[in-house]
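Here are the chains, one letter per residue:
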Amino acid sequence: MQLNICKIGQMPYDQALQLQYALKGARQQDKIGNTLLLLEHPPVITLGVRADQANIYRTREQLAADQVAVHEVNRGGDVTYHGPGQVIGYPIVQLKELSGGIRWFIQTMEQAMIDLLLQQYRIEAHQRPGKYTGVWVGERKITAFGLAVSQGVTMHGFAFNVNTNLAHFSWINPCGLSLGVTSVAEELGHAVDLNQAFQHTGKSFAEHFGWDTNWITLPALKKMMACQGENQADGEA
């Protein structure tokens, strides 16, 4: 099986959200195969379906003054921060074609990040059983997860702190857990090549699900959706 991996660069959160919805609809109709979007966001705070507004420590006016967007979305989880220096991954995947359910899917993604951290950066990370999803280095989270599933297809995904400005996490109570965060740069004492981190992430994600990789540009991905739609229309005529 093949995984389309689309590395986009930096994209505002609202644009990425609309792109996810379009891709999710295309995947539900089998117009595209399983797809992983990899990108960065300008500074943004998102609130999941179980989020507590009290976990944002700054007012909306203060955040707006610093050009920090706030979005309430349909993913699981509480409050999280996205910003430059993170590898954001949005898997648009049909779970019905896989051997496990959503919890297995998340645990496999967690293991992909754990193995990446050890193999590429010699950072030992781990999962935390129970309610604490994510990947942790000691007591500090380095990768956060929050997904939504509709008609068997996933959206939203994970945020991997690579060269992230960790001071921005002081604006929130990350995931509502009152626990710390870390990054690759924090653990190593220096920034790393972010483009390589994108490549490592896509490769490890695909390998852990047993998929071949098809690195694809965003225009090519959109063309794929359009062509499949035209082909289906021709078949129905």
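Up top is the structure these notes are about.
Residues numbered from 1 in each chain as written. Predicted model: local features only at pLDDT ≥ 70, side-chain atom pairs only at ≥ 80, totals over all residues. Heavy atoms only, no water.

Enquirer: Whenever I open this one, the pattern of salt bridges confuses me. Can you help?
Expert: Opposite charge on two side chains makes pairing possible when the charged atoms of those side chains draw close. Enumeration according to the criterion identifies nine salt bridges in this entry. The salt bridge partner of Glu72 is Arg60, with a shortest N-O separation of 3.9 Å. With Glu72 in strand β4 (residues 69-72) and Arg60 in helix α2 (residues 60-65), this residue pair connects regions lying 12 residues apart in the sequence. For Glu72, a relative accessible area of 60% gives the class exposed. A residue is classified by how much of its surface remains accessible, and Arg60, at 39% relative accessible area, is partly exposed. Among the charged side chains, a network of salt bridges with common partners joins Arg27, Asp30 and Glu97. (Salt bridge = Lys/Arg side-chain N within 4 Å of Asp/Glu carboxyl O. Helix = DSSP H or I, 4+ residues; strand = E, 2+ residues; numbered from the N terminus. Buried < 20%, exposed > 50% of the residue type's maximum accessible area, 1.4 Å probe, protein only.)

Enquirer: I would appreciate a short explanation of unusual backbone geometry in the present structure.
Expert: Glycine aside, a negative phi is what most residues show, and trans is what most peptide bonds show. With phi around 60°, Asp30 is a residue other than glycine that occupies positive phi space. Turning to its location among the elements, Asp30 is positioned in the loop between α1 (13-28) and β2 (35-40). Phi is positive for Gln67, which is not a glycine, with a value near 60°.

Enquirer: Is there a simple way to explain helix α5 (residues 194-209) in this structure?
Expert: Because each turn of an α-helix spans 3.6 residues, side chains separated by three or four positions end up pointing in the same direction. For α5, built from 16 residues, the straight-helix expectation of 22 Å at 1.5 Å per residue is met to within 8% by its first-to-last C-alpha distance of 23 Å. In this structure, the buried side of α5 is in contact with β1 (2-10), β2, β6 (86-92), α3 (102-121), β9 (153-161) and β11 (212-215). Two or three places before Asn195, at the start of α5, stands the capping residue Asp193, its side-chain oxygen 2.9 Å from that residue's backbone nitrogen. In the stretch just after α5, Gly210 is the one whose phi turns positive, near 75°. (Expected span 1.5 Å × (residues − 1). Contact = heavy atoms within 4.5 Å. Polar contact = N/O pair within 3.5 Å; in protein donor to acceptor, adjacent residues only side chain to side chain.)

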